[in-house]
Each structure stands twice: as structure tokens, then as C-alpha cells.
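Descriptive analysis of the structure
Here's the letter readout for the chains.
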Amino acid sequence: MSEKKNDVEKGVMKMYRESEPNIEDLYERSYVNHIAWSVLALALGLIFWLTVALVNAENQRNALFTAQCADPVFKGELDKKCLKSVHSREHWWQHVGYALTHVRP
């Protein structure tokens, strides 16, 4: 009788061991490298910001070079409001293209 009881007990213990959760699969794992994606997002944001700054600087430089913002009242002076709103070329990408291909003025 004790052998039969031991067999039953072994079967119950085996069922218990099989129903235990697997520690390796207990937690979700993310295979996405969040640090790399965060650095990429920051780099793209920095590139966008620098491109906008480059476009604005080249726009003002070209307006000064072509004298588009000369003050009509005071000869030889600049109209600073004009510099903020002038469009010296038709498209923004023309400013970027010129700035990237002409390193020296």
C-alpha cells in the first residue's frame, strides 16, 4: 500500500512541478534597443533644427548680399524688420543647397 501511495504522491508532485511557471518566460522581453532609437530621434531633431537655422542664416546673408533690405529713409542702413521677413530665394532648399556647396562667401 505504501508503494501505491508513493506512486500517487510522485504523480502529484510531478504534476505540481509541471504546472510551475517557467521563470525565463515569466517576464516580457523587449528586443528593441530604446537607447539607440532615442539617440536617433535626438540626432534627427538636431539635424532638423540646424537645417532651419542654416536656411534662416543663408536667407539673411543673401538678402544682405543683394541689398534687398536697404533702409529707404537712412541711406546705407539696414531695415531689421525686412531681414526677419525677407525671402531672398524662392524655396528653402535653394538656401540649403547654396550653403552646402559654397563654404566660403
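Structural data are supplied above this passage.
Rules and cut-offs
Throughout this description, residue numbers start from 1 for each chain and increase along the sequence as written. In keeping with the model being predicted, local features are shown solely for residues with a pLDDT of at least 70 and side-chain atom pairs are shown and tallied solely at 80 or more, while totals for entire chains, interfaces and linings include all residues. Working from all heavy atoms in the structure, the side-chain values ignore hydrogens and water. Only DSSP runs of H or I with at least four residues qualify as helices, and only runs of E with at least two residues qualify as strands; both kinds are numbered from the N terminus onward. Only protein chains enter the accessibility calculation, which uses a 1.4 Å probe. A residue is then buried if its area is under 20% of the maximum for its type, exposed if over 50%, and partly exposed in between. In protein, a polar contact means a hydrogen-donor-capable atom and an acceptor-capable atom, both N or O and within 3.5 Å, with residues adjacent in sequence counting only if both atoms are side-chain atoms; elsewhere, any N or O pair within 3.5 Å suffices. Should any heavy atoms of two residues lie within 4.5 Å, those residues are considered in contact. When the sulfur atoms of two cysteines come within 2.5 Å, that pair is taken as a disulfide.

Tracing the chain through its elements places Glu58 in helix H2 (residues 34–65). Among the residues examined, Glu58 registers a relative accessible area of 7% and is labelled buried. Of the polar contacts made by the side chain of Glu58, one reaches the side chain of Arg61; its length is 2.9 Å. With residues near it in sequence (within four places) discarded, Glu58 still touches Arg89, His95, Tyr98 and Ala99.

Time to look at the side chain of Asn59. For Asn59, the location among the structural elements is in helix H2. Classification of Asn59 by relative accessible area gives buried; the value is 10%. Apart from the residues within four sequence positions on either side, Asn59 is in contact with Val86, His87, Ser88, Arg89 and His95.

In this section: the state of the cysteines. Within the structure shown, the criterion is met by one disulfide. In this model Cys69 forms its disulfide with Cys82; the gap between the sulfur atoms is 2.2 Å. One quick way to see it: the torsion about the S-S bond of Cys69 and Cys82 is about -70 degrees, and its sign makes the bridge left-handed. With Cys69 in the loop between H2 and helix H3 (80–85) and Cys82 in helix H3, the pair connects residues that are 13 residues apart, well separated along the chain.

Another point: the environment of Asp79. If you trace the backbone, Asp79 turns up in the loop between H2 and H3. Using a relative accessible area of 29% as the deciding quantity, one classes Asp79 as partly exposed. With eleven residues separating them along the chain, Asp79 and Gln68 place their C-alpha atoms 9.3 Å apart.

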